[in-house]
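So the chains spell out like this:
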Amino acid sequence: EVQLVESGGGMVHPGGSLRLSCAASGFTFSNYDMSWVRQAPGKGPEWVSSITSGGGITDYTDSVKGRFTISRDVAKNTVYLQMNSLIPEDTAVYYCNSLSILYPWGQGTQVIVSS
């Protein structure tokens with residue numbers, strides 16, 4: 001059974017940082033690109049960032065470039081999203097998945113950026 005378990009969210013002030021984790025199981029993690037997607041209140045899903053299966057290539061939506069960093073640890077079957085200089089517009093539930101496969105979505109992790 002495929003499972004994606006996101007964690008690390010919370011409430012922070014603008015300018016703060018969070019590190020999200022996504023623990024994957026039930027598939028060969030090292031074979032697949034992984035992505036983070038977020039959904040803000042009242043809005044549709046938004047792609048945030050992706051990393052290739054080998055970790056050598058990353059990509060980001062323009063609004064997070066220079067602030068977020070995606071990485072992966074194959075030994076731990078985990079993908080991370082380091083989020084710095086957070087702004088209120090980053091408030092959302094964050095999910096991870098392989099967008100080429102679309103496994104069942106996890107529960108996500110809530111990020112709230114507020115003063």
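Our subject is the structure that appears above.
Throughout what follows, the structure given in this document is the object of discussion. In this text, all values refer to a predicted model and were calculated from it rather than measured experimentally.

### Considerations on the environment of valine 113
Then comes step 1: Inspection of the secondary structure assignment puts valine 113 in strand 10 (residues 109–113).
Then comes step 2: If sequence neighbours within four positions are ignored, valine 113 has contacts with Val12, His13, Pro14, Leu86, Ile87, Pro88, Asp90 and Thr91.

### Here we look at the environment of threonine 28
Then comes step 1: By the secondary structure assignment, threonine 28 is in the loop between strand 3 (18–25) and strand 4 (34–39).
Then comes step 2: Between the alpha carbons of threonine 28 and valine 48 there is a distance of 23 Å; along the sequence they are 20 residues apart.

### Remarks on the pairing of strand 4
Then comes step 1: In terms of burial, strand 4 is a largely internal element, five of the six residues being buried.
Then comes step 2: When strand 4 meets strand 5 (residues 45–51), the two strands line up antiparallel, connected through six bridges. Each bridged residue has a counterpart across the sheet, and for tryptophan 36 the counterpart in strand 5 is serine 49.
Then comes step 3: Adjacent in sequence and paired antiparallel, strand 4 and strand 5 are bridged by five residues, among which glycine 42 carries a positive phi angle near 75°.
Then comes step 4: For strand 4 and strand 9 (residues 92–97), the ladder comprises five bridges, and the chain directions are antiparallel. Bridged to serine 35 within strand 9 is asparagine 97.

Cut-offs and rules
Residues numbered from 1 in each chain as written. Predicted model: local features only at pLDDT ≥ 70, side-chain atom pairs only at ≥ 80, totals over all residues. Heavy atoms only, no water. Helix = DSSP H or I, 4+ residues; strand = E, 2+ residues; numbered from the N terminus. Contact = heavy atoms within 4.5 Å. Buried < 20%, exposed > 50% of the residue type's maximum accessible area, 1.4 Å probe, protein only. Pairing = 2+ DSSP bridges.

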